[in-house]
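# Fold and geometry: a report
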Amino acid sequence: MTAPSQPLDDPRRLPIEIVLPIEGMTCASCVNRIERFLKKTPGVEEAAVNLATEKATIRLDPAVAGREEAVAAIQAAGYDVRAAVVSEPGAPSTAAALADEVTAEDLERERAQRQTLLQAAVSIAAALVFMALMFTPQTTIAMEDLNKLILWPATFIQFWAGGRFYRAAWRAGRHGGATMDTLVAVGTSAAWVYSVFVTMWPETVHLAGLHPETYFDSSAVIIGLILLGRWLEARAKGRTTGAIRRLIGLQATTARRIRDGVEEDVELAAVIPGDLLRVRPGDKIPVDGVVIEGTSAVDESMLTGEPIPATKSVGDEVIGATINTNGSFVMRAVHVGRDTALARIVELVQRAQGSKAPIQKLADRISEIFVPVVLVVAALTFVAWFLAGPEPRVTLGLTAFIGVVIIACPCAMGLATPTAIMVGTGKGAEVGILIRGGEALEGAGRVDTVVLDKTGTLTLGRPAVASIVVVPDAGLDEGRLLDLAASLEVGSEHPLGEAIVRRAREAELGFLAVEGFEAIAGRGVRGRVDGHDLTIGSGRLLGELGVDTGPLRDRAEAVASEGSTLAWVAIDGALAGFVAIADPVKAESSAAIAQLRAMGLDVWLLTGDSRLTAESVARQVGIPPDRVIAEVLPADKDATIERLQAEGRKVAMVGDGINDAPALARADLGVAIGTGADVAIEASDVTLVGGDPRLVASAIGLSRATIRIVRQNLFWAFAYNVLLIPVAMGALYPAFGLTLNPALAAGAMAMSSVSVVTNSLRLRSVDVRPGQVRALRRGPLGLVRDAAFLFAVAGLALALAAGVFAADRALDGASQQVVVTAEDFRFSPAEVSVRAGEWVTVSFTNNDAVVHDWMVEDIPNVDVPARPGQTARLRFVLDEPGEYMVMCSIPGHAEAGMVGMLVVVP
């Protein structure tokens, strides 16, 4: 007999979400690999890895898998999990925990950055020294001796600064994978191993017709530039997380607690729910709570964006991190630590910054196969140069191989999307736009139709009774009607019912006994009050019950046309009158609609109110009558959104996130508009803190700007690889005789990553404050500005590369040109004359069937070997005038007549 299965709502089977900080990720292929291993783990439902935040967000079934299984999967993929605070449900809720966690992450990031910068600086400095020793025109120390001198510091750099690449490549390779680190490790190792061979066995290299040229400098500078690029990336990524640090910095650090009548200042971590706290003028409110004594005005602009302070008195909620202005009050702590509104905002921003936009999947899929393909292409490039290239084939082939593997590192593709999402979501959070994740951010940019609820979205959401109208022959007055209606509405949670009760309480009415209360969803309420059967609701409800509203129809239409909502009242089956309830339109609503329409969006009004009321509000805010859908039940709003979607529209639904939850969930983009206490509305993709409808346009504009940056980043990353890999393979050599130096390849790769991050940082300059959406328009100027930035980066890179090539060509053009040919074991000409103290470029062509060299005896490094059919070049300068013997140093060749004379004249 099998055990009964657990019910679906068993809390032990509810999915949980954990966040793990990962070490060792460098590119999009790392991200894809870790996600693949996690998703194959039993119990893991979803896994998203973010390269920019270096974190994995994992949703799993706790009855099947936990943190240990997730860590094991990451380690099996070849990566490590850092020791850090893990965000899991049930973690202790302390007021200082969030700040401590972020501070610890900042300290760890700074330590890693210092280490990376130190290794980069030492590597680049060492490479510059190596270059100076090898390329400075010195004729004192032989190149073979210099190579032996450089070998030891170069080896230290290779395994100290470059050790991280070997470790990461080994972790990936051990499980059959390859990453960016694999490319760096392979490329620099090829340069280092070849250089070691040349250093240890120079005679063998010389007899093969190769110059004893080493690449210690190239290997060191590649490592240094890549590490410098990573340091710059880390610095830039640190700036992208600034929004979270600024949000956390808003909270108070201490609170003034009252116990046994004694007030004392305590650390925020010591505050627990239920504590009484004194808030003095100018203080930050320490935690979320309720005012129990006193009155003051509170500046809530940090959460709501509303510059006018809100009056708070006994019974009102206050939000932590907002600022008390001029009064003093006592509050009771309700939510502390991770339960406060500010902490929930920070959590939403962290989740959004750690999420992945669908557009990133393309880069991930490409990067997964990109690295192995690059290794194959690099190997084929070397083979092609070795078999069909000109001399020196080995040197040119090795240079091309190293250049291909270095230039192809896909780190820019991995950073293209997450850095932009981090900056975009952080920028939005600063003005009260809370975006749930990358998918929501991308979806907002595709919206072409915006559907707005009326109450609380376009109106203030604080309805008040405007007038009471009684049927002349009903036998009751306005006070009696209000008393009966308010008594019944006490049991209702509808905003209109609350307005009736508030009005009645002012007159000390609404306390009659109620029997059989029943709420009719979306239409009204009914029950027995003071011996009478009472029904309050819409005209439709009364019509369904057979109550004729005709006697007051003309008066009702006049009141409704002014924007009031009518609550009809029937007593004992007969019409008694109606209560007109007005909900003033927000001052910003008209500007919000104008902004949305200026952005090319089709704007609709969707409400359960009567058509007359809805059209009145629409007229005030600028929505055409044919874009008004009125008298819609909450359950039918979902169908309305579905109908618009069936027409091919991408629909954003803007509502209060509670009554509109089905429509918010159905829409392509659900936008909840509310106050700081409503920041975690689950049905929405975007939450607008503060209720300013102009933020709808700002959110859509921010999304468009962010996705535009993402597309630019991906274009730059792909174009970089598509254009420069052929250059590294040698595509320019046949026409221009140019090959890509490995050091330039490393610099270009680093600049590609840095340019992607800095392009994302441009989002920080976007003004998303309410009413500033014009700055987000694309337009011709925006296109020119975007293109100018990318072209400026590309132009800088090309200018640096062109400068290196131009300097080399200029030095050649200014030097004395000497042409020497070796044929039939003779030099032609045998005697060469040059001027002292000036550069000399010797072009040495070997027309014999064996290896020759042209060497000045007793002068170190003035030696150029050439294989059969090869033309090799040598550049040098001699300061001392005189006659120097020239010979071929290959055994037996000088004796056969390969001798000559170099005359250095003053």
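It should be noted that the structure appears before, not after, this text.
These notes cover the structure that comes with them. (Residues numbered from 1 in each chain as written. Predicted model: local features only at pLDDT ≥ 70, side-chain atom pairs only at ≥ 80, totals over all residues. Heavy atoms only, no water.)

Before going further, it helps to spend a moment on the pattern of salt bridges. All told, the structure shown has 19 salt bridges when counted by the stated rule. Of the charged contacts in the structure, one is a salt bridge between E45 and R59, with a shortest N-O distance of 3.8 Å. On the criterion of sequence distance, the pair formed by E45 in strand β2 (residues 44–50) and R59 in strand β3 (residues 55–60) is long-range, its members being 14 residues apart. Classification of R59 by relative accessible area gives partly exposed; the value is 32%. Where R627 meets D626, a salt bridge forms, and the shortest distance between an N and an O atom there is 3.6 Å. Classification of D626 by relative accessible area gives exposed; the value is 53%. What emerges from the salt-bridge pattern is a single network uniting D602, D626, R627, R643, E647 and R649. (Salt bridge = Lys/Arg side-chain N within 4 Å of Asp/Glu carboxyl O. Helix = DSSP H or I, 4+ residues; strand = E, 2+ residues; numbered from the N terminus. Buried < 20%, exposed > 50% of the residue type's maximum accessible area, 1.4 Å probe, protein only.)

Most of helix α15 (residues 438–445) is tucked away: 6 of the 8 residues are buried. Among the residues of α15, G438, A440, L441, E442, G443 and A444 are the ones counted as buried.

The next subject is the packing of helix α16 (residues 478–489) against helix α17 (residues 495–506). Any two packed helices are characterised by the angle at which their axes cross and by the distance between the axes. Where α16 contacts α17, the two axes come as close as 8 Å, and the packing angle between them is 125°. With respect to α17, the element α16 is oriented oblique. Here α16 and α17 pass one another in a crossing that is left-handed. Of the residues in α17, those in contact with L482, A485, A486 and E489 of α16 are G497, I500, V501, R503 and A504. (Axes fitted to C-alpha atoms, helices over the stretch in contact; angles between N-to-C directions. Parallel < 35°, antiparallel > 145°, perpendicular 65-115°, else oblique. Left-handed = near helix turned anticlockwise from the far one by under 90°. Contact = heavy atoms within 4.5 Å.)

With that out of the way, let us pick up a nonpolar patch on the surface. On the surface, a nonpolar cluster with roughly 250 Å² of combined accessible area is contributed by V129, L133 and L149. Relative to the helices and strands, V129 resides in helix α3 (residues 97–135). (Patch = residues over 30% accessible without salt bridge, like charges linked within 9 Å, V, L, I, M, F, W, Y side chains within 5 Å. Areas by Shrake-Rupley, 256 points an atom, 1.4 Å probe, with all protein chains shown as cover.)

So, on to the environment of G320. For G320, the position within the fold is in the loop between β11 (317–318) and β12 (323–324). Through-space distance from the C-alpha of G320 to that of A252 is 7.9 Å; in sequence the pair is 68 residues apart. Contact partners of G320, with chain neighbours within four places excluded, come to I285, P286, V287, D288 and L342.

Another point: the nonpolar core. Ranked by internal contacts, the top residues of the largest apolar core, which has 50 residues, are V450, I623 and L688. With 45 residues, the next largest nonpolar core counts A154, A191, F216 and I223 among its residues. (Core = buried A, V, L, I, M, F, W, Y, C linked by side-chain atoms within 4.5 Å.)

This part takes up helix α2 (residues 67–76). For α2, the complete set of buried residues consists of A70, V71, A73 and I74. Looking straight down α2, one finds its buried side chains confined to an arc of 160°; they lie on one side. G78 occupies a position one or two residues after α2 and carries a positive phi of about 105°. (Arc of directions from axis to C-beta.)

If you walk through the whole model with that rule in mind, you get 7 aromatic pairs. Between F827 and F844, the aromatic rings sit 6.2 Å apart at their centres with planes inclined by 65°, giving edge-to-face as the arrangement. Separated by 17 residues along the polypeptide, F827 in strand β28 (residues 826–828) and F844 in strand β30 (residues 840–846) bring together distant segments of the chain. Take F827: its relative accessible area is 6%, and that puts it in the buried class. Through successive ring pairs, a cluster of aromatic residues spans F159, Y166 and W192. Positioned above the aromatic ring of F511, the side-chain terminus of R505 is 4.1 Å from the ring centre. (Phe/Tyr/Trp six-rings, centres within 6.5 Å; stacked < 30°, edge-to-face > 60°. Lys NZ or Arg CZ within 6 Å of the ring centre and 35° of its normal.)

Function-wise, these values are silent; they only describe arrangement.
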